[in-house]
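Next come the chains, spelled out residue by residue.
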Amino acid sequence: KEVRQQNYELVIQRKIQQYIKNGSKGDLDLSNTPITSLPDNLTNVVGKLYLHGTQITSLPDNLKVDGNLNLSNTLITNLPKNLKVGGYLDLRDTPISKQYSARELRTMVPKCYGVYA
């Protein structure tokens, strides 16, 4: 079972690297995968980024998501100071949404359309 898990994580990492290689265009859906972090070279998502239901705890610095960023039901505890989200930011059912109000989170990511917390 452990080997299967490691293989699955490798497949996910390859998917992310292929996405970056292809110019980071389109939506990147990693929902309900076992990832705990994103690679530092993922800095731009020209689309939506779905991380719902993952074990992710933080995001790379300088991450820019043109569309929505869904972090609901994750273990995210903080946002990078320079995070840019062009659509909505979904932080429902996360440790960070229990720590800050939607208004406080909105000031952390000022250019997003709105925050679900």
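Relevant structure appears above.
Computed from a predicted structure; not experimentally measured.

The rules behind each value
- Residues numbered from 1 in each chain as written.
- Predicted model: local features only at pLDDT ≥ 70, side-chain atom pairs only at ≥ 80, totals over all residues.
- Heavy atoms only, no water.
- Helix = DSSP H or I, 4+ residues; strand = E, 2+ residues; numbered from the N terminus.
- Buried < 20%, exposed > 50% of the residue type's maximum accessible area, 1.4 Å probe, protein only.
- Contact = heavy atoms within 4.5 Å.
- Pairing = 2+ DSSP bridges.

### Some thoughts on the environment of Leu42
Mapped onto the fold, Leu42 is located in the loop between β1 (28-29) and β2 (44-45). Leu42 sits in the buried class, given a relative accessible area of 0%. Separated by twelve residues in sequence, Leu42 and Leu30 place their C-alpha atoms 13 Å apart. When near neighbours in sequence (up to four residues on either side) are disregarded, Leu42 contacts Ile16, Tyr19, Ile20, Ser24, Leu28, Pro60 and Leu63.

### Here we look at the sheet that holds strand β4 (residues 64-65)
Strand order in this open sheet of three strands is β2-β4-β6, and the pairing throughout is parallel. The strands lining the two open edges of the sheet, one partner per strand, are β2 and β6 (84-85). Where β2 lies against β4, two bridges are found, and the strand directions are parallel. Within β4, the residue paired with Asn44 across the bridge is Lys64.

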